[in-house]
Amino acid sequence: DSTSLLWRCELAGAPSRREAWDAVAEHARASVPSTGLAFLHVHCAAALAAAGDHDGLARWVSMLRRADAEGRLPAGSVVPIVAEGMSAFAAGRYDATIAALAPVLDQLVRVGGSAAQRDLFEHTLLAAYLRTGRHAEARALLGRSAARPRSVPVAGV
């Protein structure tokens, strides 16, 4: 949750908090297993990217790619792709973020977590569209999100 909270704060315009990212990345390095939950894998990659741990991130993505190639990544190739997309965003490479995340948008469910948790990746893609001036694609993504049925109905008062 720390990765998601910090990432969302920055997407909303808050300044980056390097010391917080360093602490989150350190926790991720120590706590996230090399196999297991795809949801943790992509959040670990985001934490490493935001903390500027380029070497650690490269090793992490390489491990994910190797696990996928060996059939040990149940969620499949979407995991290293999302990890690379988050890495690109943290580095300010928004076109690369779009190239990674846009094609796998319909596969994000494979990463796991709730829809509210997975929307972190959709919001990152939206920010990349906006930061590259691709407003039509941003509007289309927003329209798609707004049209999606909600899992929890809200009854009128």
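Note that the structure is a prediction, hence the values are computed from the model and not measured. (Residues numbered from 1 in each chain as written. Predicted model: local features only at pLDDT ≥ 70, side-chain atom pairs only at ≥ 80, totals over all residues. Heavy atoms only, no water.)

Our focus in this paragraph is the overall build of the protein. When helices and strands are tallied, the protein shows eight helices and zero strands. For the protein, the N- to C-terminal ordering of α and β elements is α-α-α-α-α-α-α-α. Relative to the globule expectation of 15 Å for 157 residues, the C-alpha radius of gyration of the protein, 16 Å, shows essentially globular dimensions. Per-residue burial over the protein gives 43% buried out of 157 residues. (Helix = DSSP H or I, 4+ residues; strand = E, 2+ residues; numbered from the N terminus. Rg over C-alpha atoms; globule rule 2.2 N^0.38 Å. Buried < 20%, exposed > 50% of the residue type's maximum accessible area, 1.4 Å probe, protein only.)

Let us look at the packing of helix α2 (residues 18-31) against helix α3 (residues 38-50). Where α2 meets α3, the closest approach of the two axes is 8 Å, and the angle between their N-to-C directions is 140°. On the basis of the axis angle, α2 is oblique to α3. Crossing angle aside, the handedness with which α2 passes α3 is left-handed. Residues Trp21, Val24, Ala25, Ala28 and Arg29 of α2 lie in contact with α3, whose contacting residues are Cys44, Ala46, Ala47, Leu48 and Ala50. The residue makeup of the contact of α2 with α3, split by class, is nine nonpolar, no polar and one charged. (Axes fitted to C-alpha atoms, helices over the stretch in contact; angles between N-to-C directions. Parallel < 35°, antiparallel > 145°, perpendicular 65-115°, else oblique. Left-handed = near helix turned anticlockwise from the far one by under 90°. Contact = heavy atoms within 4.5 Å. Nonpolar A, V, L, I, M, F, W, Y, C, P; charged D, E, K, R; others polar.)

Moving on: the environment of tryptophan 60. Note on placement: tryptophan 60 falls in helix α4 (residues 54-69). Note on tryptophan 60: relative accessible area 12%, which makes it buried. On a C-alpha basis, the gap between tryptophan 60 and cysteine 44 in space is 8.4 Å, while along the polypeptide they are 16 residues apart. A polar contact of 3.1 Å, which involves the side chain of tryptophan 60, links it to the backbone oxygen of histidine 41. (Polar contact = N/O pair within 3.5 Å; in protein donor to acceptor, adjacent residues only side chain to side chain.)

Quick look at the packing of aromatic side chains now. This structure, assessed with the given rule, holds three aromatic pairs. Measuring from ring centre to ring centre gives 6.2 Å for tryptophan 7 and tryptophan 21, while their planes differ by 90°; the resulting arrangement is edge-to-face. Here the residue tryptophan 7 occupies a position in helix α1 (residues 2-11), and tryptophan 21 occupies one in helix α2, the gap between them amounting to 14 residues. You can call tryptophan 21 buried: its relative accessible area is 0%. A centroid spacing of 5.9 Å and a plane angle of 40° characterise the contact between tryptophan 7 and phenylalanine 89, whose relative ring orientation is tilted. (Phe/Tyr/Trp six-rings, centres within 6.5 Å; stacked < 30°, edge-to-face > 60°.)

For soluble globular proteins, nonpolar side chains are generally found buried alongside one another. Within the largest apolar cluster, 50 residues are counted, with the highest numbers of intra-cluster contacts made by Trp7, Trp21, Trp60, Val79, Val82 and Phe121. At the level of secondary structure, the elements contributing two or more residues to this core comprise α1, α2, α3, α4, α5 (78-90), α6 (94-101), α7 (115-131) and α8 (135-147). The greatest single-element share of this core, amounting to 10 residues, is contributed by α3. Those residues in contact with phenylalanine 121 that lie beyond four places of it in its chain are Val42, His43, Val82, Met86, Leu101, Leu108 and Val111. (Core = buried A, V, L, I, M, F, W, Y, C linked by side-chain atoms within 4.5 Å.)

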